[in-house]
Every structure is written in C-alpha cells, then in structure tokens.
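Fold and contact review
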Amino acid sequence: MPATWDEAIARIVERVRPLAGPDVLALSYGGSMGLVQRKFPLRMFHAMGATLHDGGVCDATGTAGFEAVLGRCLGPDLDEVLECDLLVLWGCDMARTHQHLQPKVKKLLERGVPVVAIDVWRTETIRTLEAWGGFGLIVQPGTDAALALCVTRIAFEVGEVDQEFLVEQCVGADAFEAHVRARCDLETTAKITGLDPKSITELAGLLMRAERPFVKTGIGFARRRNGGMSMRAVCSMAAVLGHADRVHFESFEHFALAEDAVIRPDLRPQGSANAPVTHVQLGRELCAGRFRAAFVWCHNPAVVLPESALVRKGLARDDLFLVVHEHFLTETAELADVVLPATMFPEHEDVYRSYGHRWMQHALPAVKAPGGTWPATANSSGPRSNVETFSGLAKALGLRKECWDVTASSVCAELLDASRSRLNEDELARLETGAPVKPANRTHTDWGTPSGKVELVSERMRALGAPAMATFVPDDWCGDTGAFVLLSCPSVHTHNSTYSHSARHAKKAGPARVFVNPRDAEALGVRAGERVTLSNARASITLPVALCEDTPRHAVRIDGLPLRSEIPEGVGVNALVSGAVSDLGNGSVLYSTRVDVRPYAG
C-alpha cells in the first residue's frame with residue numbers, strides 16, 4: 001500500500017529499533033559505482049553494529065589471484081593500450097563488457113599489431129577480431145592455468161625469459177622453473193585445453209617476441225572453483241617473460257582514496273566486530289534463520305546471487321523485515337516489507353572512480369528526479385538518494401550525529417578532503433569544477449606482496465592451504481555431474497538485472513532462450529524453438545532452444561538474467577549455481593556449473 005516517506009520511516013524504526021545490531025543485515029553491491037552514494041549507508045550500519053557481507057561475488061577471486069603474485073591491482077594504464085605491440089584479451093569479452101576498447105583494438109590491428117582473444121566459446125569479440133585480422137583461441141572451461149603454465153614452460157625451454165627481472169624482482173624463480181618443467185608439457189596441455197599444439201606454440205611465440213605486450217584479463221573467467229589459480233598462472237607467466245607490469249585486471253590501487261571517511265568504521269560500537277557473511281552463501285544463512293531485518297540498496301540479491309532460490313526463500317521469511325531502496329520493483333523489491341524509491345545517477349551528487357581506467361570525477365546532479373526535489377525536502381514524495389534516505393533513517397533511529405547531520409555534498413567533501421595525501425591541490429580544484437581528473441601516478445618502493453617482490457612462490461598461499469606456486473588444478477565442478485557446462489554470459493542488451501523488465505531492453509533482447517550447438521540439439525532430439533529443461537541437484541529451469549554454432553559442444557549458453565516469470569519453474573538462472581566458494585577470495589563459482597539437458601516434459 002502507498003505510504004509517505006514519514007510513514008515508511010516510522011514503520012522501519014518501529015521494527016528495527018528493538019533489534020540487536022548483529023540481527024540487522026546490510027546488503028549492497030554494484031548498482032551504483034559512486035563511492036559516496038553506494039557506500040555512505042554503511043556508516044549507519046557500522047554505527048548500529050550491524051552485520052555486513054564480504055562482497056565476494058564479482059572480482060574477489062581474480063583480485064586474490066592477482067595479489068598473490070603481483071601484489072597491487074594496478075597494471076598498465078588502459079589509455080595506453082595503443083602503445084602495445086601485442087594485445088591478449090584473456091577471458092575478456094570486449095564486445096559485451098569493454099565496448100569502449102573496440103575502436104582502439106581496431107586501430108591496433110590496422111597497424112599490424114597482433115591481437116588474440118582467449119575464451120571458452122566463440123564470442124562476439126572473437127568473431128569481431130577475426131573480421132579485423134585478429135584471432136581467438138577457444139579453450140576448455142577451467143583450463144586457463146594449464147595454457148598459461150605451458151607457455152611459461154616453453155619460454156624457459158627456449159631461454160626467452162627475463163633472467164635479470166627474475167633475479168632482481170621475483171621470489172622463487174628457480175623453484176618455479178623446476179615446477180613448470182616437471183609438468184605442463186605441450187602435448188598434455190593440448191589435450192587439457194582442447195587446443196592444437198601449434199596454436200599454443202604460436203601464442204607462446206607472440207608473447208616471447210613482444211617487447212611491450214598488453215595482457216587484458218577479464219573478471220568473469222576467474223569466477224570458478226579454480227579461478228584464483230587461473231589468475232595466478234597468467235600473472236606468473238607474465239612475470240617470467242619480464243612483463244609483470246603489463247597485466248591489466250583492475251585499477252583500483254591507482255586511486256587509494258580515503259573511503260573510510262565515507263563509511264566510518266570507527267563508529268562501530270566497541271566489541272561489535274561480528275564476522276561478515278559469506279556473500280555467495282547468503283541463501284544458506286537466511287534459510288538457517290539468521291537475521292531479523294535486512295536492508296538492500298544498489299543490489300538485487302534474489303536474482304544475482306548463487307543459489308538464488310534459497311536467497312529468495314530466505315528473504316521471504318515471515319520473521320525477516322526487509323527494506324529495499326530501489327529504482328524499480330525488482331524481484332528483490334517484490335519481496336520487501338517496505339520499498340523506498342531511489343534516485344538514479346544523473347539525479348544525485350557523487351564521486352566516481354573508473355572501473356579499469358584511472359579517471360575520476362565529482363559529479364553534480366544533471367536532472368531533477370521525477371516528483372522530487374534536489375536536495376530532498378521534508379515533504380517531498382519523490383525518490384531520495386542513498387545519502388538522503390539513510391541519513392534520514394539514522395536520525396530517526398537515534399544514531400550518532402555523524403550518521404545524519406550530512407548531505408551528499410558534505411560527504412563528497414569529506415571524502416576528497418580526507419584524500420589530500422593522494423590528490424594534489426590542482427587535482428582537487430579541477431574536481432570541484434566537475435571536470436574529469438586523472439590523478440598522477442603513485443610511486444611505490446615495492447610490489448605490495450608480503451616479500452615486496454613478485455611472488456612466483458608464495459608462502460602466504462602455502463599458509464592458506466593453497467599450492468605455493470601457480471598450478472593447474474582441474475575444476476571439480478562443485479560436485480556437479482551434468483553432461484553440459486552452463487555458460488552464463490553477460491547480456492548484450494542490459495547492463496544489469498535492474499533493467500531486465502524495461503520494455504525497451506526486453507524488445508531488443510527478445511524472449512529468454514538457451515543457446516545450444518546444433519549437433520547437441522540433434523542428439524537431444526530438439527529443434528529451434530522447442531523447450532528443454534536444464535537441471536542439477538539445486539534446481540531446474542526450462543527455456544526455448546536457439547541453435548548456435550558458436551556455442552561449443554557439450555555446453556549451453558544463457559545470456560543475461562531472464563526474469564523468473566519467463567521460466568515455468570519460477571526460479572532464475574542462478575538457482576542452478578552452487579554457493580560453494582572459489583579457491584581464493586570466497587568468490588562466486590558461477591562458471592563451475594554443470595547441468596543435464598532434456599526435452600521439456602510439459
């Protein structure tokens with residue numbers, strides 16, 4: 001039923017004020033990439049002593065793998081990709097996730113610079129490169145580490161390693177050389193990866209000859225049981241070739257902004273440092289009866305998390321009070337006791353840092369929210385920003401003044417002022433005008449690992465129970481035994497699940513479907529348009545078949561996140577995905593999912 005803001009806040013206070021802090025769960029993720037609007041609500045939850053989560057869904061595994069070898073997630077400047085003499089897109093579907101990179105890639109190929117993409121299916125990126133003069137290598141899912149380590153072995157065997165770099169900047173070079181020479185031979189790797197030996201040696205040759213390569217890794221390829229090891233292997237390969245600073249994963253270490261000024265962990269009551277929830281296992285935690293209230297912002301957990309049927313069931317508990325701050329009535333918002341309307345990016349002030357690039361910006365509102373004012377007034381019925389909403393809640397809950405005596409402008413100012421050790425006066429002045437700013441490069445005396453060097457042998461990994469050196473560990477598929485690998489790919493048409501219901505996007509995307517190789521469809525006895533059921537121990541979903549030669553044999557592909565209403569079983573694709581954690585970082589194992597496929601029985 002409709003309510004005013006005052007009525008909604010009063011109901012929230014009535015239900016939440018009596019609860020102990022740890023019984024309140026804060027759930028946010030990447031629905032906004034602004035540092036202030038996305039993270040300010042955590043100030044309120046710190047002051048409450050609430051339970052947070054560990055964030056391990058998107059890039060946690062890749063980050064942990066990168067840091068294990070190369071330390072800081074920095075790498076080369078993506079703006080300088082045109083200066084490279086080889087570009088390797090490793091698990092990076094540029095056409096779907098880095099579209100802005102495509103014009104530069106085309107220029108590289110026009111200049112004769114080799115470009116190769118490595119992926120598990122013939123993506124739009126690979127097809128585009130083939131048309132422009134580049135090429136792709138399609139590997140068996142979960143075998144990236146085997147390929148990278150084989151290339152490393154070849155480099156050692158032919159003497160094309162950077163011996164000076166290995167001696168001066170690396171830990172464990174001799175042990176690592178012995179390690180890869182004892183395994184990762186060409187013939188075995190060809191069988192593991194599904195590549196022919198010639199393709200592997202050609203890739204090795206390109207990497208060994210390059211003087212200024214650019215290895216752009218994706219984020220998704222590490223979202224599997226052995227994903228951390230895959231990233232460690234790629235980073236170790238680059239280090240042996242003397243190109244440890246030429247692997248680009250993310251760029252957040254470039255910024256080093258004082259984000260604690262936004263979230264204020266110092267406000268947490270003494271003795272309330274309750275452990276964060278493992279994000280990918282949220283459904284299990286909720287169904288076990290944990291928590292009495294949950295707040296969701298910038299997130300759609302009922303759709304995007306693994307074991308999504310459990311997440312949905314847990315969020316729908318009668319004894320869980322659910323508050324969702326959202327743009328639209330998402331599948332998570334449909335479960336809420338209170339839904340609060342949120343402003344969108346152009347409607348509020350924020351500070352943004354790039355995701356992969358090195359630029360940042362202090363952005364002011366460009367438009368007024370429909371039915372609202374900027375800033376929000378007491379009697380405004382329109383959407384409110386995260387800062388306005390959660391500062392209002394904090395005040396009503398009687399929390400410390402630091403949680404509510406603020407505005408978006410004041411919190412942005414707090415963040416930038418606290419970051420003066422990173423931003424000089426000229427950069428701060430330009431940010432104040434709203435201009436994009438690329439902060440000067442940081443200087444470091446070491447690599448940021450425990451030893452300060454590139455760690456081809458990591459004692460920290462050994463202490464965690466992981467192999468001390470990058471090693472090919474076959475994917476165990478979380479125990480799944482289905483005959484088909486499930487490839488859950490980014491949608492070409494929607495940025496994230498928030499907009500899946502949009503008529504404009506839905507028209508472009510068309511009805512939900514599962515892409516099947518024609519030979520597999522023939523073996524299953526199904527034709528295009530007929531429905532098949534994908535199932536494993538966790539769930540079943542039924543979708544119509546679309547035939548696709550680019551989907552490999554013994555794999556099925558689903559683009560984006562079809563709405564639950566499009567699936568007869570009433571669950572989403574992520575209901576099929578295990579809540580097991582990856583080898584590093586407690587990350588998602590999205591791509592370690594197997595299913596059986598059968599014609600729909602009706």
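For the structure, see preceding data.
Residues numbered from 1 in each chain as written. Predicted model: local features only at pLDDT ≥ 70, side-chain atom pairs only at ≥ 80, totals over all residues. Heavy atoms only, no water.

**Some details on the overall build of the protein chain**
When helices and strands are counted, the protein chain shows 23 helices and 19 strands. Relative to a compact globule of 602 residues, whose C-alpha radius of gyration would be 25 Å, the protein chain shows 25 Å and is just as compact. Sequence-distant contacts in the protein chain: of pairs separated by 6 or more residues, those separated by 24 or more amount to 77%. Looking at the protein chain as shown, the accessible area adds up to about 24200 Å², and 52% of this sits on carbon and sulfur atoms. When the 63 positive and 72 negative side-chain charges of the protein chain are each reduced to one mean point, those points stand 3 Å apart. (Helix = DSSP H or I, 4+ residues; strand = E, 2+ residues; numbered from the N terminus. Rg over C-alpha atoms; globule rule 2.2 N^0.38 Å. Contact = heavy atoms within 4.5 Å. Areas by Shrake-Rupley, 256 points an atom, 1.4 Å probe, with all protein chains shown as cover. Lys, Arg positive; Asp, Glu negative; His and termini not counted. Charge placed at Lys NZ, Arg CZ, Asp CG, Glu CD.)

**Some remarks on the environment of Pro 76**
Within the secondary structure, Pro 76 sits in the loop between helix H4 (60-70) and strand E2 (86-90). Between the C-alpha atoms of Pro 76 and Ala 155, which are 79 residues apart in sequence, the distance is 22 Å. In contact with Pro 76, other than residues within four places in its own chain, are Phe 214, Asp 245, Arg 246, Val 247, His 248 and Arg 358.

**Topic: the pairing of strand E4 (residues 135-138)**
Note: strand E3 (residues 115-119) against E4, four bridges, orientation parallel. From the neighbouring strand, Val 116 faces E4, where its bridge partner is Phe 135. As for the winding sense of the linkage, the β-α-β connection from E3 through helix H7 (residues 124-132) to E4 is right-handed. (Pairing = 2+ DSSP bridges. Right-handed = clockwise from strand over helix to strand, strands pointing away.)

**So, unusual backbone geometry**
With phi around 60°, Cys 184 is a residue other than glycine that occupies positive phi space. Mapped onto the fold, Cys 184 is located in the loop between helix H10 (173-181) and helix H11 (186-193). Of note in this structure, His 554 is not a glycine but carries a positive phi near 65°. One can find His 554 in the loop between strand E17 (540-547) and strand E18 (555-559).

**What to know about the pattern of salt bridges**
Applying the stated criterion to the full structure yields 35 salt bridges. Between Asp 79 and Lys 438 there is a salt bridge, with its nearest N and O atoms 3.0 Å apart. Residue Asp 79 is found in the loop between H4 and E2, and its partner Lys 438 is found in the loop between helix H20 (425-432) and strand E13 (454-455); the two are separated by 359 residues along the sequence. With a relative accessible area of 25%, Lys 438 lands in the partly exposed category. A salt bridge links Arg 96 to Asp 93; the nearest nitrogen and oxygen atoms lie 3.7 Å apart. Beyond isolated ion pairs, a larger network of salt bridges with shared partners links Asp 93, Arg 96, Glu 124, Arg 557 and Asp 559. (Salt bridge = Lys/Arg side-chain N within 4 Å of Asp/Glu carboxyl O. Buried < 20%, exposed > 50% of the residue type's maximum accessible area, 1.4 Å probe, protein only.)

**Focus: empty space enclosed by the protein**
Enumeration over the complete set of coordinates arrives at three cavities of 30 Å³ or more. Here the largest cavity is characterised by a volume of approximately 180 Å³. Gly 31, Ser 32, Cys 298, Glu 326 and His 327 are, among the 17 residues lining the largest cavity, the residues nearest its centre. For the lining of the largest cavity, a count of residues per class yields five nonpolar, eleven polar and one charged. (1 Å grid on protein atoms, 1.4 Å probe; cavity = no way out; pocket = protein on both sides within 12 Å on 5 of 7 lines; lining within 4 Å. Points joined across faces, edges and corners; volume = space filled by probe spheres on them. Nonpolar A, V, L, I, M, F, W, Y, C, P; charged D, E, K, R; others polar.)

**Topic: the sheet that holds strand E10 (residues 338-341)**
The strand order across the open sheet built from four strands is E1-E8-E9-E10, with neighbouring strands paired in parallel fashion. Only two strands of the sheet have a single partner each, and these edge strands are strand E1 (24-28) and E10. Here the average twist between neighbouring strands, direction ignored, is 15°. Bridge count between strand E8 (residues 293-297) and strand E9 (residues 321-326): five bridges; the pairing is parallel. In the strand pairing of E9, Ala 293 is matched with Phe 321. In the packing of helix H1 (residues 5-16) onto the sheet, the strands contacted are E1, E8, E9 and E10, and the crossing angle to E10 comes to about 135°. (Axes fitted to C-alpha atoms, helices over the stretch in contact; angles between N-to-C directions.)

**Here's the deal with H7**
Within H7, burial applies to Thr 125, Ile 126, Thr 128 and Leu 129. Along H7, the residues classed as buried sweep out an arc of 160° about the axis, all on the same side. Once H7 ends, the next one or two residues include Gly 133, with phi positive near 110°. (Arc of directions from axis to C-beta.)

**Comments concerning the environment of Ala 342**
As for its position among the elements, Ala 342 is in the loop between E10 and strand E11 (350-353). Once residues within four sequence positions are removed from consideration, Ala 342 is found in contact with His 325, Glu 326, His 327, Pro 383 and Arg 384.

**Overview of the environment of Ser 565**
Turning to its location among the elements, Ser 565 is positioned in the loop between E18 and strand E19 (594-599). As for Ser 565 and His 357, which are separated by 208 residues in sequence, their C-alpha atoms are 37 Å apart.

**A closer look at the nonpolar core**
Counting 89 residues, the largest nonpolar core has Trp 90, Leu 147, Phe 176, Leu 207, Leu 315, Val 454 and Leu 456 as the members making the most contacts within it. Discounting residues that sit within four places of it in the chain, Val 454 has contacts with Val 69, Leu 70, Phe 165, Gln 169, Cys 170, Val 171, Ala 239, Ala 244 and Trp 447. Of all hydrophobic cores here, the second largest spans 50 residues; its members include Phe 40, Ala 47, Met 48 and Leu 431. (Core = buried A, V, L, I, M, F, W, Y, C linked by side-chain atoms within 4.5 Å.)

**What to know about the side chain of Ser 391**
You can see Ser 391 is positioned in helix H18 (residues 386-396). With a relative accessible area of 8%, Ser 391 lands in the buried category. Of note is the side chain of Ser 391, whose polar atom sits 2.6 Å from the backbone oxygen of Val 387. A polar contact of 3.2 Å, which involves the side chain of Ser 391, links it to the backbone oxygen of Glu 388. (Polar contact = N/O pair within 3.5 Å; in protein donor to acceptor, adjacent residues only side chain to side chain.)

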